[in-house]
Structures are given as C-alpha cells and as structure tokens.
Amino acid sequence: MSDLLDWKNLGFSYIKTDYRFIAHWKDGKWDNGELTTDSTLHIHEGSTALHYGQQCFEGLKAYRCKDGSINLFRPDQNAKRMQNTCDRLLMPQVPTELFIRACKEVVKANEKWLAPYGSGATLYLRPFVIGVGENIGVRPAPEYIFSVFCCPVGAYFKGGMKPSNFLVTDYDRAAPHGTGGVKVGGNYAASLLPHELAAERKFADAIYLDPKTHTKIEEVGAANFFGITRDNKFITPLSPSILPSITKYSLLYLAKERLGMETIEGDVYINELDQFAEAGACGTAAVISPIGGIQYGDDFHVFYSETDVGPITKRLYEELTGIQFGDVEAPEGWIVKVD
C-alpha cells in the first residue's frame, strides 16, 4: 500500500504499517522485545492502564535525507522524558538503549513507509508504556508492556506555514504538583473538551493558563508556547506543570547559538502580550505553528500577522527542519542514524 500513498498530501492520521516492536516487563525486568505484525494488544481486563491511567507515551519522527539515509532526531531525549514519566507513575523505566533500539528496528522494518526526501512527509513513531496484568486495586501493575509503532504522516502545514488563532480557556490543563510535566494520556483526555469548545468558536485550539493564578500562559493545546519580543528575545514559559518539549529546548538552543538571540525561560503573563512581535506553538507534530492572534476575554491580540509568518519564526523553522532532514549541520548528538 505504501507505493500508493500521495506523499505530499498525507494528513496526520493513523495508517497501519507492517511491523511494531513490543517488550514485556515481568518479574523485575524487561525481556529483549521483538518485532510483530500484530497491531492489536491483548491485555487483561484488570490492567491498570484501563482503570487508573497508569500509562504514558512519546512521539518522535524518522526523516529521509537527501543521500537516502535516515535520521532520528534526539531520541535520547525522548527516552529520558519517558523515564521521568515512568518514575512519576511508578512504572519501570525503559532503558535508553532499549528505547532507541526499538525505534531503529521499527524504522528499518517499515522503511518502505518512509517518504522520499523532499516530500515533506516523515515516519511518526509512537512509543508507549502501559500497566497490564491481573489487578483491581489502586496500586502499580504487576506487569508492563513497552511498544513502538509507526505511521507515515504528511507535512503539518499545507502550502507552507500559516498562522492560527487561539482562545484562552478557563479550564485547567493540569493541577499544581500534578502530572502536567509528564507525558501521560490523562492530560490529553482532559484537553478534549476545551479543544472542542475552542474549535466551535473557529479557533485552532485552547491556550491554558497556570492553574494557580490564571495569569500566565502555560501551554497552547498540546504544544509549548514561545514568543519573540520586539527587542529580539526568545521567551518561553517555565513551570513544573508544562511538558518539557524537546522541540522547545531545541529552539532555545538554536535561537541563542545560531541566531544570536537572548533566550529566557520564565513567566509569560497573559496581559503582557504587547511585548511580543511574533509568537508560536512548538512540538513534534507541527515543529512550529505560528500564532496569528490570541482571544482573551473580549480582547483579541494580533502578533506579527494573521496571514503571514514572522521572519524569525520562519528562520527557526527552516534551521530546525534543515537539521532534522540532514541539510543543516546538527549540534553534536542531535542526530542518530538508522543503519
């Protein structure tokens, strides 16, 4: 089926590929894991993942380079973030070696599903850990599954980056000292209603403020926020309730080291948007989604433009995607080749 795909017009949706990786944790250790063609998980009805939300996931991509080779972008950082999440939920850590090996094996086994260079499409990888086994009490699972599947996805932006507008919601994404800083499914389930309400008003998604004071921007839908000030500073929120985006930290590095900007992680107050000439949301799926405007109560604040992408946002996008596809020199350790 992969030869029938229109690579330049793929969306961001599930497409079944040939192989996925699965490993089991039992009696205090992970097995070696293996590739399988079975896309259906068979788990016990008492699994903690089903009842108590003991599960987590990651997202990363494989990129076809001009020379035909395949890049993974900073998979060690995804492994580290998953380990932090597992610690928070009392699940066994997936060792970095196992995590990266699983990703490589899935990419190699499904290489025909990886789009050709220049199409803008990539192979999206979804690693996850779930608690399984016989259980009914509120306690950690007796067994766990670690798995990685993949599917081809298209360029997030059709016809280039286009700014989107967002609505500040009254709903909270996470509680103080809760699970906002880790990548668990419950955070996303809680965001479905605010997203739907924003979409009904023709906004791309909801913007969440800090749950304690409702004065500071935390996240933009399922992505991190950044702003470019009028005096050329790259500013992004800092809070224990924010998921530490690998894309965001990559942009922080590139803004400072490649563009010579001052970079700041700190409070971003919703009533101080005038300081920003440009703004965006960033994450694995979209890389960068430029923000045209933000609706906060009766006020609609426009940044650079509702129709055009700001010049610094565009430069950051080109620098980062250039690194991911192998066209721009990467900082040391950022690229792992799939041999």
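These figures come from a predicted structure and were not determined experimentally.

### Points about the overall build of the protein chain
- Assigned secondary structure in the protein chain consists of seven helices and 18 strands.
- At 20 Å, the protein chain has a C-alpha radius of gyration in line with the 20 Å of a compact globule built from 339 residues.
- In terms of overall dimensions, the protein chain has a C-alpha envelope of 55 × 50 × 35 Å along the principal axes.
- With 339 residues in all, the protein chain has 53% of them scored as buried.

### Thoughts on a nonpolar patch on the surface
- Side chains of Leu41, Ile43 and Leu50 sit close together on the surface and give an oily, nonpolar patch of about 240 Å² of accessible area.
- One can find leucine 50 in helix 1 (residues 48-51).
- Leucine 50 sits in the exposed class, given a relative accessible area of 54%.

### Quick word on the UniProt feature "modified residue: N6-(pyridoxal phosphate)lysine" (unreviewed entry) in the protein chain
- With numbering matched to this structure, UniProt assigns "modified residue: N6-(pyridoxal phosphate)lysine" (unreviewed entry) to Lys183.
- Those residues in contact with lysine 183 that sit more than four places away from it in its chain are Cys56, Phe57, Glu58, Gly59, Arg81, Thr85, Tyr188 and Leu243.

### What about helix 2 (residues 75-88)?
- With 14 residues, helix 2 should reach 20 Å at 1.5 Å per residue; the first-to-last C-alpha distance of 20 Å fits that figure.
- Inspection of helix 2 places Pro75, Asn78, Ala79, Arg81, Met82, Gln83, Thr85 and Cys86 among the buried residues, and these make up the whole buried set.

### Some words on the pattern of salt bridges
- Under the definition given, this model contains 10 salt bridges.
- The shortest N-O distance in the salt bridge between arginine 101 and glutamate 97 comes to 3.2 Å. Of this pair, arginine 101 and glutamate 97 are both found in helix 3 (residues 96-109), four residues apart, which corresponds to roughly one turn of the helix.
- Judged by its relative accessible area of 24%, arginine 101 falls in the partly exposed class.
- A residue is classified by how much of its surface remains accessible, and glutamate 97, at 53% relative accessible area, is exposed.
- As a salt-bridge pair, arginine 258 and glutamate 319 come within 2.5 Å of each other at their nearest N and O atoms. Taken as a pair, arginine 258 in the loop between helix 6 (246-257) and strand 14 (262-266) and glutamate 319 in helix 7 (residues 311-324) lie far apart in primary sequence, 61 residues in all.

### Thoughts on the packing of helix 6 against helix 7
- Contact geometry of helix 6 with helix 7 gives a least axis separation of 10 Å together with a crossing angle of 110 degrees. When the axis of helix 6 is compared with that of helix 7, the two are roughly perpendicular. Seen from above, helix 6 lies across helix 7 with right-handed handedness. In contact with Thr247, Ser250, Leu251, Leu254 and Ala255 of helix 6, helix 7 contributes Leu316, Glu319, Leu320 and Ile323.
- Here the residues of the contact of helix 6 with helix 7 are counted per class, giving six nonpolar, two polar and one charged.

### A short note on the packing of aromatic side chains
- Going through the model one piece at a time under the given rule, you end up with 13 aromatic pairs.
- For the pair tyrosine 14 and phenylalanine 149, a centre-to-centre distance of 5.9 Å together with 65 degrees between the ring planes defines the contact as edge-to-face. Taken together, the positions of tyrosine 14 in the segment before strand 1 (20-26) and phenylalanine 149 in strand 8 (residues 143-153) put the pair 135 residues apart, joining distant regions of the chain.
- With relative accessibility at 24%, the residue phenylalanine 149 sits in the partly exposed group.

### Overview of the domain arrangement of the protein chain
- The domains assigned to the protein chain are domain 1 (20-153) and domain 2 (164-325).
- Taking the mean C-alpha position of each, domain 1 and domain 2 sit 26 Å from one another.
- Residue-level contacts link 25 residues of domain 1 with 21 residues of domain 2.
- Overall, the association of domain 1 and domain 2 removes approximately 1,800 Å² of surface from exposure, summing both partners, and the carbon and sulfur fraction of that is 63%.
- The largest share of the area that domain 1 buries against domain 2 comes from Phe57, Phe73 and Arg81, three residues that together contribute 34% of it.
- Remark: the boundary between domain 1 and domain 2 carries zero salt bridges.
- At the boundary of domain 1 and domain 2, one finds 10 residue pairs in polar contact (both at pLDDT 80 or more).
- Among the elements that take part in the side of domain 1 that touches domain 2, helix 2 stands out by supplying six residues, more than any other.
- Tallied by class, residues from the side of domain 1 that touches domain 2 come to 10 nonpolar, eight polar and seven charged.

### Looking at helix 7
- Taking 1.5 Å per residue as the helical rise, helix 7 with its 14 residues ought to reach 20 Å, and the 20 Å between its terminal C-alpha atoms agrees with that figure.
- Taken residue by residue, helix 7 has Ile312, Thr313, Leu316, Glu319, Leu320, Thr321, Gly322, Ile323 and Gln324 as its buried positions.
- Note on helix 7: the residue one or two positions beyond its end, glycine 326, has a positive phi of about 85 degrees.

### Re the pairing of strand 1
- Across the seven residues of strand 1, five count as buried, placing the element largely inside the fold.
- Pairing geometry for strand 1 and strand 8, over five bridges, is antiparallel. Among the inter-strand pairings, alanine 23 is bridged to a residue of strand 8, identified as phenylalanine 146.
- Strand direction decides the pairing type here: strand 1 and strand 2 (residues 29-30), joined by two bridges, are antiparallel. Looking across to strand 2, one finds that tryptophan 25 is bridged to tryptophan 30.

The rules behind these values
Residues numbered from 1 in each chain as written. Predicted model: local features only at pLDDT ≥ 70, side-chain atom pairs only at ≥ 80, totals over all residues. Heavy atoms only, no water. Helix = DSSP H or I, 4+ residues; strand = E, 2+ residues; numbered from the N terminus. Rg over C-alpha atoms; globule rule 2.2 N^0.38 Å. Buried < 20%, exposed > 50% of the residue type's maximum accessible area, 1.4 Å probe, protein only. Patch = residues over 30% accessible without salt bridge, like charges linked within 9 Å, V, L, I, M, F, W, Y side chains within 5 Å. Areas by Shrake-Rupley, 256 points an atom, 1.4 Å probe, with all protein chains shown as cover. Salt bridge = Lys/Arg side-chain N within 4 Å of Asp/Glu carboxyl O. UniProt positions renumbered as here; feature names shortened; annotations may be inferred. Contact = heavy atoms within 4.5 Å. Expected span 1.5 Å × (residues − 1). Axes fitted to C-alpha atoms, helices over the stretch in contact; angles between N-to-C directions. Parallel < 35°, antiparallel > 145°, perpendicular 65-115°, else oblique. Left-handed = near helix turned anticlockwise from the far one by under 90°. Nonpolar A, V, L, I, M, F, W, Y, C, P; charged D, E, K, R; others polar. Phe/Tyr/Trp six-rings, centres within 6.5 Å; stacked < 30°, edge-to-face > 60°. Domains from an automatic or database assignment. Buried area = accessible area lost by both parts, 1.4 Å probe. Polar contact = N/O pair within 3.5 Å; in protein donor to acceptor, adjacent residues only side chain to side chain. Pairing = 2+ DSSP bridges.

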